[in-house]
Amino acid sequence: MPKEIRLNALEQGNPSFQAFGLWAHPNDRSMDYTKLSYWTNYARMLERGLFDNFFLADVYGIPDVYEGKADAALRNGSQSPSLDPAIVVAGMAGATSNLCFTMTGSASYEQPYQFARRLSTLDHMTEGRLGWNIVTSYLRSGALAMGKPSLTEHDLRYEMADEFCEAVYRLWEESWAEGALLKDKEKRLYTDPSKIKEIVYEGQFHKFRAIHAVETSPQRTPVLFQAGGSERGRQFAATHAEGVYLNGTKPELVKAQVGRVRQALADQGRDPQSVKFFTGVSVFVDETEALAKARYEDYRKYTSFEGLIAAMSGIMGIDLSRYPPDEIIQYEKNDANQSALEMFTRGNQWTLRQVLEEKALCGTNVAIIGDPGQVAEEMIRWMDETDIDGFNIARIVNPETTENFIEMVVPELQKRGRYKTEYRPGTFREKLFGYSRIAPDHMAGKFRR
């Protein structure tokens, strides 16, 4: 039976995320990103379109690899300046009742106790509609900002993240047993202390003794997402992820990534079908194909090539100012974002000119351009050929392009029986998987009391 398509809005709390420079378009409202009303209106719009999840990406630091400084990123509002996603999620949750939220949080620079507390608080505030996108932070500027002498080596960051995740799982799942909350007014007993345990954690990178600070939240452990595409990243995903975010320019490349992660899951004793996969797309739709192409060309007039290359240089860890326009970008092993580096080098042989021509409006996403039926059919094709579960749809001109998608493409997907007509009840995990607590074959499930 064909899979139902699931949709995540892909965002970041800054002026330009994937469509670089489009904040300058006359119809764009992204300069209002520092206002709560911007985010609450955004959330209500997505809920009208029955979107599953608002995925809020984040990174510590500012892209400063291009020409060895941050000027180009700052000048163009390119993934900087940037807001704290936890605050944004809390504001949006109060304006919605079904839309779920995935907050990016760094396992490289947080402390387990305070981070576990923050996410448990958000899981309460969202009434169980919270996910965590686990990242290891790839910008050198972020490492320096957090007091580190340099960016930690790529694979070591994942080792540190393995330990960090184990630590927060123990706080979420092991500290408070079932039945610890009494809330008995007559007996004047709020908790049963015999069912609350102090966690003593002695790791290589983290050490603490603590009772988890927050009473058990609706999900305990939020839904866990991860986006690493490197070999070490796949191992990490196989251990920790319930959802995986992928990027790829061709269906066959994405299908291969899905297959590799499913095999890694099986190797670790987890159900290979227990993880959902999502790939990034940027959609340009209008009533006819000609109008959609005209819309795309109109948007192109406002793109910032400098903003794009500043962001790409930071993501890939390569100063692209060194490359002549028609020279193929070479793979250079470094400690930045290796999945993006692979995508633009080993996955495809891209020149700087190709990147400028094809990626200024969609970044690491795939662009889909057409009338509503064409867009719907292309999305269905990607679903059926790659074994993914849905898409991360990025903002281009906000709110125009998202409104167009909801008004034009969503009905087409529903007509074809590939998209829901109403929300399922429950927490984020219940909506995604049909069960409330994390699966017992997951590491977090093994700490459940």
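Residues numbered from 1 in each chain as written. Predicted model: local features only at pLDDT ≥ 70, side-chain atom pairs only at ≥ 80, totals over all residues. Heavy atoms only, no water.

Caption draft 1: Expanded view of the overall build of the chain. Regarding its fold elements, the chain presents 15 helices and 13 strands. Against the 2.2 N^0.38 benchmark of 22 Å for 449 residues, the chain shows a C-alpha radius of gyration of 22 Å, consistent with a compact globule. By its C-alpha atoms, the chain is 70 × 50 × 45 Å across when sized along the principal axes. The buried share of the chain, reckoned over its 449 residues, is 59%. Accessible surface, the chain: about 18000 Å² in total, of which carbon and sulfur atoms supply 49%. Treating the 54 positive side-chain charges of the chain as one cloud and the 62 negative ones as another, the clouds have centres 4 Å apart. (Helix = DSSP H or I, 4+ residues; strand = E, 2+ residues; numbered from the N terminus. Rg over C-alpha atoms; globule rule 2.2 N^0.38 Å. Buried < 20%, exposed > 50% of the residue type's maximum accessible area, 1.4 Å probe, protein only. Areas by Shrake-Rupley, 256 points an atom, 1.4 Å probe, with all protein chains shown as cover. Lys, Arg positive; Asp, Glu negative; His and termini not counted. Charge placed at Lys NZ, Arg CZ, Asp CG, Glu CD.)

Caption draft 2: Highlighting the side chain of Gln18. As for its position among the elements, Gln18 is in the loop between strand E1 (6-12) and helix H1 (36-48). A distance of 2.9 Å separates the side chain of Gln18 from the backbone nitrogen of Thr364, its partner in a polar contact. Residues contacting Gln18, with those up to four places away along its chain left out, are Leu10, Lys359, Ala360, Leu361, Cys362, Gly363, Thr364, Asn365 and Ala394. (Polar contact = N/O pair within 3.5 Å; in protein donor to acceptor, adjacent residues only side chain to side chain. Contact = heavy atoms within 4.5 Å.)

Caption draft 3: Molecular detail of empty space enclosed by the protein. Under the counting rule described, the total for this entry stands at four cavities of 30 Å³ or more. Looking at the largest cavity, its volume works out to about 70 Å³. Together, Arg6, Asp52, Asn98, Lys420, Tyr423, Arg424, Phe428, Lys431 and Leu432 line the largest cavity. Sorting elements by how many residues they give to the lining of the largest cavity places helix H15 (residues 428-433) first, with three residues. The class makeup of the residues in the lining of the largest cavity is three nonpolar, one polar and five charged. (1 Å grid on protein atoms, 1.4 Å probe; cavity = no way out; pocket = protein on both sides within 12 Å on 5 of 7 lines; lining within 4 Å. Points joined across faces, edges and corners; volume = space filled by probe spheres on them. Nonpolar A, V, L, I, M, F, W, Y, C, P; charged D, E, K, R; others polar.)

Caption draft 4: View of the environment of Glu127. As for its position among the elements, Glu127 is in the loop between helix H4 (112-125) and strand E4 (130-135). With relative accessibility at 60%, the residue Glu127 sits in the exposed group. When the C-alpha atoms of Glu127 and Glu159 are compared, they prove to be 32 Å apart, with 32 residues separating the residues in sequence. The residues contacting Glu127, other than those within four sequence positions of it, are Pro218 and Thr427.

Caption draft 5: Representation of the layout of surface pockets within the structure. In this structure, the second largest pocket encloses a volume near 260 Å³. Considering the residues around the second largest pocket, the lining is formed by 21 residues, among which Asp58, Tyr60, Leu83, Asp84 and Pro85 are closest to the centre. Put simply, the parts of the chain that give the lining of the second largest pocket at least two residues each are helix H3 (85-93) and strand E3 (100-106). The biggest single contributor to the lining of the second largest pocket is E3, with four residues. A per-class count over the lining of the second largest pocket returns nine nonpolar, eight polar and four charged.

Caption draft 6: Expanded view of unusual backbone geometry. Geometrically, the link from Ser80 to Pro81 is a cis peptide bond, its omega value of -10° lying close to zero. Secondary-structure assignment places Pro81 in the loop between helix H2 (71-76) and H3. The peptide bond linking Asn398 to Pro399 adopts the cis configuration, its omega dihedral lying at 5°. Here Pro399 shows up in the loop between strand E13 (390-394) and helix H14 (400-415).

Caption draft 7: Representation of the pattern of salt bridges. Evaluated as defined, the whole model comprises 30 salt bridges. Residue Lys3 pairs with Asp387 through a salt bridge whose shortest N-O separation is 2.9 Å. Residue Lys3 is found in the segment before E1, and its partner Asp387 is found in the loop between helix H13 (372-386) and E13; the two are separated by 384 residues along the sequence. Under the relative-accessibility criterion, Asp387 is labelled partly exposed at 30%. A salt bridge links Arg118 to Glu110, with the shortest nitrogen-to-oxygen separation between them at 3.1 Å. (Salt bridge = Lys/Arg side-chain N within 4 Å of Asp/Glu carboxyl O.)

Caption draft 8: Spatial organisation of the packing of H13 against H14. Viewed as axis vectors pointing N to C, H13 and H14 meet at an angle of 60°, and their least axial separation amounts to 8 Å. Judged on the interaxial angle alone, H14 and H13 are oblique. Viewed along their axes, H13 and H14 form a crossing whose handedness is right-handed. Across from Pro372, Gly373, Val375, Ala376, Met379 and Ile380 in H13, the residues of H14 making contact are Phe405, Met408, Val409, Glu412 and Leu413. In terms of residue class, the contact of H13 with H14 is built from nine nonpolar, one polar and one charged. (Axes fitted to C-alpha atoms, helices over the stretch in contact; angles between N-to-C directions. Parallel < 35°, antiparallel > 145°, perpendicular 65-115°, else oblique. Left-handed = near helix turned anticlockwise from the far one by under 90°.)

Caption draft 9: Looking closely at helix H9 (residues 289-300). For H9, with twelve residues, the first-to-last C-alpha span of 17 Å sits near the 16 Å given by 1.5 Å per residue. Listed as buried for H9 are Ala292, Arg295, Tyr296 and Tyr299. The arc that holds the buried residues of H9, viewed along the axis, is 100°, so those residues lie on one side. Those residues of H9 that are buried lie in contact with strand E11 (276-285), helix H12 (352-359), strand E12 (366-370) and H14. (Expected span 1.5 Å × (residues − 1). Arc of directions from axis to C-beta.)

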